[in-house]
Amino acid sequence: MKKKIAILGSTGSIGKNLINILKQKANLFEIKLLSTNKNYREIINQITKLNVKNVIIKDVESYEKFLKIKPKRVNAYNDFKCFDKIFKKKIDYTMSAISGIAGLEPTLNIIQHTKHIAIANKESLICGWNLIKHKLCKHDVSFIPADSEHFSIWHSINKSQNNDLLDEIYLTASGGPFMNFSKKKMINVKVSQALSHPSWSMGNKISIDSATMMNKVFELIEAKNIFNIPLKKFSIIIHPNSYIHSMIKFQNGMIKIVAHETTMKIPILNSMKLNELLRLKTKKINIKKLNNLNFTKVDYSKFPLDKILNLIKDKTSLFDTVLVATNDKLVELFLTNKIKFTDIHKQLLNIINLKQFKIYKKLAPKTLSDIIEVNDLVNNFINKKFNN
């Protein structure tokens, strides 16, 4: 029997990687749903290759263009209220890879329709983890993180029944394109420079987050949420080769290290639990990289991640949404050349330290509306601040 699969965000880098994996043995899978925001032309490609019958095009203009060229057999929708129509029974696997806060609502809504879900949306796992966790338990759905760092941690501690036995967890960071830049030189970096990651091929938003190293702040928050481990047990360490994805030291003295090539196909494939059906062609163990791990500490004078993390609490709150929304908006301003690269950290710290936003540390998100309301509040504030 074919495995039934849905991919939310199929035209992004995670979605494309997953589709390339599935194409190896397309006859073993039935793709029940693909979704995109605007990239309807890529969706057409994916429909043709994988014989997909249901698609969601969220952007209205792109949806209308798609309707003019869509195959007759394809059902097209313009929102995520169609899940009940598409899924008559629980499907086997869902990949949720829609970027931004916009990915949270469809993630929450599709959980009840799937047996297993992999989530590659940082915003969902940071801002809405308590809502996601409740849904996972309510509908008896298994979950594995699809990000390389979180999957590697999950792989290392999955059989550990007591997280108190964990001593230290190191998340590795490549250092991004500006690891060797002076603080002064970073002031005038161009968008094209910030988008040129030395190890990974990613979308624009995550590439900038990697350049500022804000992606590691988010990954730490995700990890403490997913694994219910205090932030004090986590550390960030620079590893330019990006070959090691996590290191975990246990209180019995054992250290587990997870290494693999810089391709998201590896955590994506493993998140599917379908190793008996699919294989990846990977390179031999890179002894040169293992002999030259070159771990270094983060330069907090250039990347003030410590100041940001000191404001985060172990308990999930709406302040996490303030942080995510502020960063998202500032990255957008940088990508459109409205602020400098170094203004991202500077303005972020100024904004999240405002009294009007710090009050959200005491408020936990109870509904999706709570998160959307705070996200909109931050966006409106920044728009006014920069007259955007």
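So, here's what we can say about the structure. (Residues numbered from 1 in each chain as written. Predicted model: local features only at pLDDT ≥ 70, side-chain atom pairs only at ≥ 80, totals over all residues. Heavy atoms only, no water.)

Section: the overall build of the protein
Phase 1: Check the secondary structure of the protein and you find 18 helices and 11 strands.
Phase 2: For a compact globule of 388 residues, the expected C-alpha radius of gyration is about 21 Å, and the protein comes in at 21 Å, within 12% of that figure.
Phase 3: Evaluated residue by residue, the protein yields a buried proportion of 52% over its 388 residues.
Phase 4: Within the protein, contacts between residues at least 6 apart in sequence are counted, and of these 68% link residues at least 24 apart. (Helix = DSSP H or I, 4+ residues; strand = E, 2+ residues; numbered from the N terminus. Rg over C-alpha atoms; globule rule 2.2 N^0.38 Å. Buried < 20%, exposed > 50% of the residue type's maximum accessible area, 1.4 Å probe, protein only. Contact = heavy atoms within 4.5 Å.)

Things to note about the packing of helix H15 (residues 319–335) against helix H18 (residues 368–385)
Phase 1: Running from N to C, H15 and H18 point in directions that differ by 40 degrees, and their axes come no closer than 9 Å. Considering their axes alone, H15 and H18 lie oblique with respect to each other. Classified by chirality, the crossing of H18 by H15 is right-handed. Every residue of H18 that contacts H15 at Thr321, Val322, Ala325, Thr326, Lys329 and Leu333 is listed here: Ile371, Val374, Asn375, Val378, Asn379, Ile382 and Asn383.
Phase 2: Here the contact of H15 with H18 is composed, by residue class, of seven nonpolar, five polar and one charged. (Axes fitted to C-alpha atoms, helices over the stretch in contact; angles between N-to-C directions. Parallel < 35°, antiparallel > 145°, perpendicular 65-115°, else oblique. Left-handed = near helix turned anticlockwise from the far one by under 90°. Nonpolar A, V, L, I, M, F, W, Y, C, P; charged D, E, K, R; others polar.)

Focus: the packing of aromatic side chains
Phase 1: Counted according to the given criterion, the structure contains eight aromatic pairs.
Phase 2: Aromatic side chains Phe80 and Phe83 sit 6.1 Å apart centroid to centroid with 55 degrees between the ring planes, which places their arrangement in the tilted category.
Phase 3: Note on Phe80: relative accessible area 13%, which makes it buried.
Phase 4: Their ring planes at 90 degrees and their centres at 5.3 Å tell us that Phe357 and Phe381 sit as a pair that is edge-to-face. Within this pair, whereas Phe357 is found in helix H17 (residues 355–358), its partner Phe381 is found in helix H18, the two being separated by 24 residues in sequence. (Phe/Tyr/Trp six-rings, centres within 6.5 Å; stacked < 30°, edge-to-face > 60°.)

So, the environment of His245
Phase 1: Mapped onto the secondary structure, His245 falls in strand S10 (residues 244–250).
Phase 2: Distance from His245 to Thr172, taken between C-alpha atoms, is 5.7 Å for residues 73 residues apart in sequence.
Phase 3: At 3.0 Å, the side chain of His245 and the backbone oxygen of His260 are in polar contact. (Polar contact = N/O pair within 3.5 Å; in protein donor to acceptor, adjacent residues only side chain to side chain.)

Thoughts on the pairing of strand S6 (residues 116–119)
Phase 1: Burial along S6 is two-sided: His116 and Ala118 facing one way and Ile117 and Ile119 facing the other are all buried.
Phase 2: Summarising the sheet, strand S5 (residues 93–96) and S6 pair through three bridges and their orientation is parallel. Bridged to Met95 within S6 is Ala118.
Phase 3: For S6 and strand S7 (residues 142–145), the ladder comprises four bridges, and the chain directions are parallel. Residue pairing for S7: Ala118 is matched across the bridge by Ile144. (Pairing = 2+ DSSP bridges.)

Details of the environment of Glu64
Phase 1: Tracing the backbone shows Glu64 in helix H3 (residues 60–69).
Phase 2: Classification of Glu64 as partly exposed rests on a relative accessible area of 46%.
Phase 3: With 302 residues separating them in the primary sequence, Glu64 and Lys366 have C-alpha atoms 35 Å apart.

A look at the nonpolar core
Here is a general trend for soluble globular proteins: nonpolar side chains tend to be buried in one another's company.
Phase 1: Core analysis: the largest hydrophobic core is formed by 92 residues, its most contacted members being Ile132, Ile153, Leu323 and Phe341.
Phase 2: Considering each element in turn, this core owes the most residues, nine residues, to H15.
Phase 3: With residues up to four places along the chain from it excluded, the contact list for Ile153 reads Ile169, Leu171, Ala223, Phe227, Phe234, Ser246 and Ile248.
Phase 4: Formed by 31 residues, the second largest nonpolar core is a distinct cluster that contains Leu18, Phe29, Ile47 and Val52. (Core = buried A, V, L, I, M, F, W, Y, C linked by side-chain atoms within 4.5 Å.)

Here's the deal with the environment of Gly9
Phase 1: Here Gly9 lies in the loop between strand S1 (3–8) and helix H1 (13–22).
Phase 2: Look at Gly9 and you get buried, because its relative accessible area is 10%.
Phase 3: The sequence separation of Gly9 and Leu34 amounts to 25 residues, and the corresponding C-alpha distance is 7.1 Å.
Phase 4: In contact with Gly9, not counting residues within four places along its chain, are Gly15, Ser35, Ala97 and Ile98.

None of this, on its own, says anything about what the molecule does.
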